[in-house]
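# Working through the structure, step by step
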Amino acid sequence: MWDGMLSGMLTGISTTMIPMNIAMVLFGCFMGSLIGMLPGLGPITAVALMIPVTYGLDPSSGMVLLAGVYYGAIFGGSTSSILINAPGEAATVATALDGYPLARQGHPGKALAVAAYASFSGGTISVIMLMIFAPILASVATSFQSADYFALMILGLTAVSAFAGRGGVLKALLMVVLGLMLATVGTDQTSGVQRFTFGSLELLDGIEFLLLAMATFALTEALSIVLKRDESSDSLKPRTIGFKNLKVTKSEFKQIAPTIGRSSLLGFIIGVLPGAGATLGSFMAYGMERNLASPEEQKKFGKGSLRGLAAPEAGNNAASSGSFVPLLCLGIPGSGTTAVMLGALIAYGIEPGPRMLTANPQVFWGLIMSMYLGNVFLLILNLPLIPYFARLLAVPRNFMVPMILFFSLMGVYLVTFNDFDILMMVIFCIAAMALRLMNFPMAPLLLGFILGGLMEDNLRRALLIYNDSFSFMWERPLTLGINLATLLILVFPMIRSFIARRKGGGKPGNEVVVEV
C-alpha cells in the first residue's frame with residue numbers, strides 16, 4: 001500500500017510540477033476565485049465556463065485546470081457570503097451565518113482571513129487523506145445503499161439545532177418542514193406527475209436554489225439595512241481596513257484549530273459519499289461544532305463566532321476534495337460539479353473507475369497533487385487581496401443596498417433568463433422578511449430545501465427494496481449506526497443541560513433551557 005502511494009505521489013509531483021501544469025493550476029485558482037466571488041455563479045458554472053479552454057490541452061493539464069477552478073470557486077465563494085450576505089452557492093450558506101455578522105461588527109478582514117485559513121487547512125488535510133485512503137474509501141463508498149443515504153439525510157437535518165436560538169427549536173423545525181415542502185414543487189422525476197405547480201409551466205422544473213437563497217438572505221438583508229436604518233456601513237472608512245485587521249491572535253488560533261481539524265475530517269468523510277457534496281459537509285460541520293460548544297460559546301453562534309465561521313469553511317473545502325474519491329475511483333460524481341468534470345474526463349477518452357489508477361496514473365495522481373499546490377496558490381492569491389475585498393463594506397448604505405439588489409436579481413436572471421423567477425424571488429423575499437421579523441431562522445429552510453429531493457429519492461428506493469416496510473431503518477448495521485448517531489446528537493444537548501442543572505443544584509434561577 002505504502003509503496004504504491006509513494007510511487008503515485010512521485011508520479012503526481014512529476015506531472016504537476018512541469019511549468020505548463022503549474023500555470024494551469026494558478027490560472028484555474030484565479031478564475032475560480034473570481035467567478036466564485038460573484039453572487040449567482042458557483043463552482044458548477046465556473047467549471048462549465050472553463051471546459052472549452054481545455055479542448056486544446058492534454059488530459060493532465062486540462063483536468064488540473066478544471067480542478068483548480070473547482071476548489072478556487074469553493075474557496076472564493078465565501079467572500080460574497082461574508083461581505084454582503086449573498087451565498088450564491090449552497091455550500092457557503094452556513095458561512096454567512098457567522099461570517100456576515102462578524103464583518104458587520106467591523107472585522108471584515110479578520111472574517112475573510114479566518115475563512116482563508118480554515119479553507120486552506122481543510123483542503124490540505126483532505127488532500128493528505130485522499131492520498132492515503134482513496135482506494136480504501138472507494139470500497140467503503142460502494143457499501144452505501146439508499147437506506148444509508150436516507151439515514152444520512154436525517155442526520156443532516158438534525159443540524160437544525162445549530163441554527164436555533166434559545167427556545168427557537170420549534171421554529172427551526174417548522175422552517176425545515178417548509179423547506180421540504182418547497183422541494184416537492186415541480187415534476188416528480190419518478191412518476192412524471194406535476195406537484196404543486198398550480199398549472200404554471202414555469203414551476204414544472206421546480207424552484208431554483210439560487211432564487212431561494214438570494215431571496216431569503218441577500219434581499220432580506222438589504223431590506224433589513226433599510227428598515228433598521230443601520231449606519232454601520234457608513235461608519236466603516238476605507239483607511240480603517242488594512243493588513244493589520246487580518247491578524248488572528250494566538251488565542252484565536254488555539255480556539256479554532258480543533259474546530260478546523262474536526263470539521264475537515266467530517267467534511268472529507270461526507271464528501272466521499274456520492275451525492276452528498278460540500279453543502280452537506282458544511283452544514284453538518286457547523287451543526288457538530290455548535291453542539292460540541294459550551295453553553296456560553298453557543299450563544300455566540302450566529303452572532304460572529306470564529307468557530308461558527310471556521311467550521312463550515314473547513315468542512316466544505318474538505319468535502320470538495322473528498323468528492324474526487326467517488327469520481328476517480330468509482331466513476332460516480334460526488335456532486336454536481338464533479339458530474340461536469342466526469343463529462344470532461346469522458347471527452348478525453350478516460351474512463352474513471354478502479355482501473356484509472358493503473359491505466360491513467362498521471363491524470364489520477366496529477367489531480368491529487370495539484371490540489372495541494374492549488375491550496376497554496378489560493379492562500380497566496382487571496383490573503384493580499386483581503387483588504388481590498390473588505391473595503392466593500394466601506395461603501396455607504398445608499399450605494400450598498402442597490403448594489404446588493406442588483407447583483408442578487410441579475411445573478412438569478414442570468415442563470416434562468418426567466419422574468420417569472422424574478423417575480424417569484426420578490427414574493428419569497430416578502431414572505432422571508434415577515435418570517436425574519438418574527439425571529440424564524442432562514443438557514444433551516446434552505447437545509448430542508450437542499451436535502452428534500454435527495455431524501456425523497458432515497459426513501460423511495462429503500463421502500464421499494466424493503467417492500468414498503470420501514471424496517472430498513474434498523475436492519476442494516478450501517479443504517480442503524482447512522483440513526484443511533486442522530487439520536488445521540490438529539491439527546492446530547494439535553495444530557496448536557498441536565499448535568500448543568502445538577503451542578504447548579506436545581507435552584508431557582510439556575511434553570512437551563514433545553515435545546516435539541
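Residues numbered from 1 in each chain as written. Predicted model: local features only at pLDDT ≥ 70, side-chain atom pairs only at ≥ 80, totals over all residues. Heavy atoms only, no water.

An unreviewed UniProt entry lists the protein under the name Putative tricarboxylic transport membrane protein, from Desulfuromusa kysingii.

### A closer look at the nonpolar core
Stated formally: In plain words, nonpolar cores are sets of buried Ala, Val, Leu, Ile, Met, Phe, Trp, Tyr and Cys residues tied together by side-chain atoms within 4.5 Å. With a 1.4 Å probe rolled over the protein chains alone, any residue whose accessible area is under 20% of its type maximum counts as buried; one over 50% counts as exposed, and the rest are partly exposed. Residues are treated as being in contact if the distance between any of their heavy atoms lies within 4.5 Å.
Phe324 and Met341 are the most contacted members of the largest nonpolar core, which has 136 residues in total. Aside from chain neighbours lying at most four places away, what touches Met341 is Val47, Met63, Leu66, Ala67, Tyr70, Phe324 and Leu327.

### Things to note about the packing of helix 4 (residues 59-84) against helix 14 (residues 306-322)
In a packed pair of helices, the relevant descriptors are the angle between the two axes and the axis-to-axis distance. Short version of the rule: Between N-to-C directions, angles span 0 to 180 degrees; the directions come from axes that are lines fitted to C-alpha atoms, helices contributing only their stretch in contact. Counting from the N terminus, the helices are DSSP H or I runs at least four residues long and the strands are E runs at least two residues long. Any angle that is under 35 degrees is reported as roughly parallel, and any over 145 degrees as roughly antiparallel; angles of 65 to 115 degrees are reported as roughly perpendicular and all others as oblique. Handedness of a crossing is defined here by the sense of rotation of the near helix relative to the far one, left-handed for an anticlockwise turn of less than a right angle and right-handed for a clockwise turn. Residue classes follow a fixed rule: Ala, Val, Leu, Ile, Met, Phe, Trp, Tyr, Cys and Pro count as nonpolar, while Asp, Glu, Lys and Arg count as charged, and any other residue, Gly among them, counts as polar.
It is at 9 Å that the axes of helix 4 and helix 14 come closest, and there the two elements cross at 160 degrees. Put simply, helix 4 runs roughly antiparallel to helix 14. Here helix 4 runs over helix 14; the crossing is right-handed. Contacts between helix 4 and helix 14 pair Tyr70, Tyr71, Ile74, Phe75, Ser78 and Ile82 from the former with Leu309, Glu313, Asn316, Asn317 and Ser320 from the latter. The residue inventory of the contact of helix 4 with helix 14, partitioned by class, reads six nonpolar, four polar and one charged.

### Concerning the environment of Thr416
Relative to the helices and strands, Thr416 resides in helix 19 (residues 397-416). Each C-alpha atom of the pair Thr416 and Leu210 lies 9.8 Å from the other, and the pair is 206 residues apart in sequence. Residues in contact with Thr416, not counting those within four places in the same chain, are Glu208 and Asp421.

### Details of the packing of helix 7 (residues 146-157) against helix 21 (residues 443-465)
In the contact formed by helix 7 and helix 21, the axes pass within 8 Å of each other and the chain directions differ by 155 degrees. Judged by the angle between their axes, helix 7 and helix 21 are roughly antiparallel. By crossing handedness, the relation of helix 7 to helix 21 is classed as left-handed. Between helix 7 and helix 21, the residues in contact are Ser146, Ala147, Tyr149, Phe150, Met153, Ile154, Gly156 and Leu157 and Leu447, Gly448, Leu451, Leu454, Met455, Asn458, Leu459, Arg461 and Ala462, respectively. Grouping the amino acids of the contact of helix 7 with helix 21 by side-chain chemistry returns twelve nonpolar, four polar and one charged.

### Remarks on a nonpolar patch on the surface
Inclusion rule: Here the term patch refers to residues with relative accessible area over 30% and no salt bridge, with like charges joined within 9 Å and nonpolar side chains (Val, Leu, Ile, Met, Phe, Trp, Tyr) within 5 Å. Computed with a 1.4 Å probe, the accessible areas rest on the Shrake-Rupley method; for each residue, only the protein chains presented here act as cover. Whenever Lys or Arg places a side-chain nitrogen within 4 Å of a carboxyl oxygen from Asp or Glu, that contact is recorded as a salt bridge.
A cluster of nonpolar side chains, namely Phe406, Phe407, Met410, Leu414 and Phe417, defines an oily patch on the protein surface of about 510 Å² accessible area. As for its position among the elements, Phe417 is in the loop between helix 19 and helix 20 (419-437). The exposed category is assigned to Phe417, whose relative accessible area is 57%.

### Focus: helix 4
Keep this limit in mind: A helix is expected to span 1.5 Å for every residue after the first. By definition, a residue's bend is the angle between the axes fitted to the seven residues ending there and the seven starting there. Under the rule applied, a polar contact is a pair of N or O atoms within 3.5 Å (in protein, one hydrogen donor and one hydrogen acceptor; residues adjacent in sequence only if both atoms are side-chain atoms).
With 26 residues, helix 4 extends 38 Å between its outermost C-alpha atoms, agreeing within 8% with the 38 Å of an ideal straight helix rising 1.5 Å per residue. Along helix 4, the sharpest kink reaches roughly 25 degrees, centred on Ile74. For helix 4, the capping residue at the N-terminal end is Asp58, with a side-chain oxygen 3.1 Å from the backbone nitrogen of Ser60. Asn85 sits one or two positions beyond helix 4 and adopts a positive phi of about 55 degrees.

### Observations concerning the side chain of Ser321
One can find Ser321 in helix 14. Among the residues examined, Ser321 registers a relative accessible area of 4% and is labelled buried. Among all residues touching Ser321, those that are not within four sequence positions of it are Gly123, Ser126, Val127, Leu130 and Met371.

### Concerning the pattern of salt bridges
Enumeration according to the criterion identifies seven salt bridges in this entry. Glu297 is the partner of Lys300 in a salt bridge, and the nearest nitrogen-oxygen pair spans 3.7 Å. According to the relative accessible area criterion, Lys300 is partly exposed, its value standing at 47%. Overlapping salt bridges bring together Asp188, Arg195, Glu456 and Arg460 as one network.

### Let's talk about the packing of aromatic side chains
Basically, it comes down to this: Working definition: rings of Phe, Tyr and Trp (its six-membered ring) pair if their centres are within 6.5 Å, and the pair is stacked with planes under 30 degrees apart, edge-to-face with planes over 60 apart, and tilted otherwise.
A complete count under the given rule lists three aromatic pairs for this structure. An angle of 45 degrees between the planes, with centres 5.6 Å apart, marks the rings of Tyr117 and Phe253 as tilted. Taken as a pair, Tyr117 in helix 6 (residues 108-142) and Phe253 in helix 11 (residues 250-272) lie far apart in primary sequence, 136 residues in all. Look at Phe364 and Trp365: their rings are 5.3 Å apart centre to centre, the planes differ by 75 degrees, and that puts the pair in the edge-to-face class. Pair check on accessibility: Phe364 and Trp365 agree, each one buried.

### Observations concerning the confidence of the model for the protein
As a reminder, the rule being used: Residue-level confidence of the predictor, termed pLDDT, takes values from 0 up to 100.
Confidence along the protein averages 77 in pLDDT terms, with 80% of residues attaining 70 or more. The element-level mean pLDDT for the protein is lowest in helix 10 (residues 232-235), coming to 47, with helix 20 highest at 88. When the criterion is pLDDT under 50, residues 232-243 qualifies, and its contacts beyond four places in sequence or with other chains add up to 24 contacts. Within the model, pLDDT remains below 50 along residues 507-516, and this stretch shows 22 contacts once partners closer than five positions in the same chain are excluded.

### Side note on unusual backbone geometry
Phi is positive for Phe198, close to 55 degrees, though the residue is something other than glycine. Along the chain, Phe198 falls in the loop between strand 2 (194-195) and helix 9 (209-227). Accessibility expressed as a relative area gives 76% for Phe198, which makes it exposed. Despite not being glycine, Asn439 has its phi angle at roughly 65 degrees, a positive value. With respect to the helices and strands, the residue Asn439 is situated in the loop between helix 20 and helix 21.

### What about the side chain of Asn375?
Tracing the sequence through the fold places Asn375 in helix 18 (residues 361-390). Judged by its relative accessible area of 3%, Asn375 falls in the buried class. Beyond its immediate sequence surroundings of up to four residues, Asn375 is in contact with Ser119, Phe120, Gly123, Thr124 and Val127.

### As for the environment of Leu223
Inspection of the secondary structure puts Leu223 in helix 9. Using a relative accessible area of 34% as the deciding quantity, one classes Leu223 as partly exposed. Those residues in contact with Leu223 that sit more than four places away from it in its chain are Cys429 and Met433.

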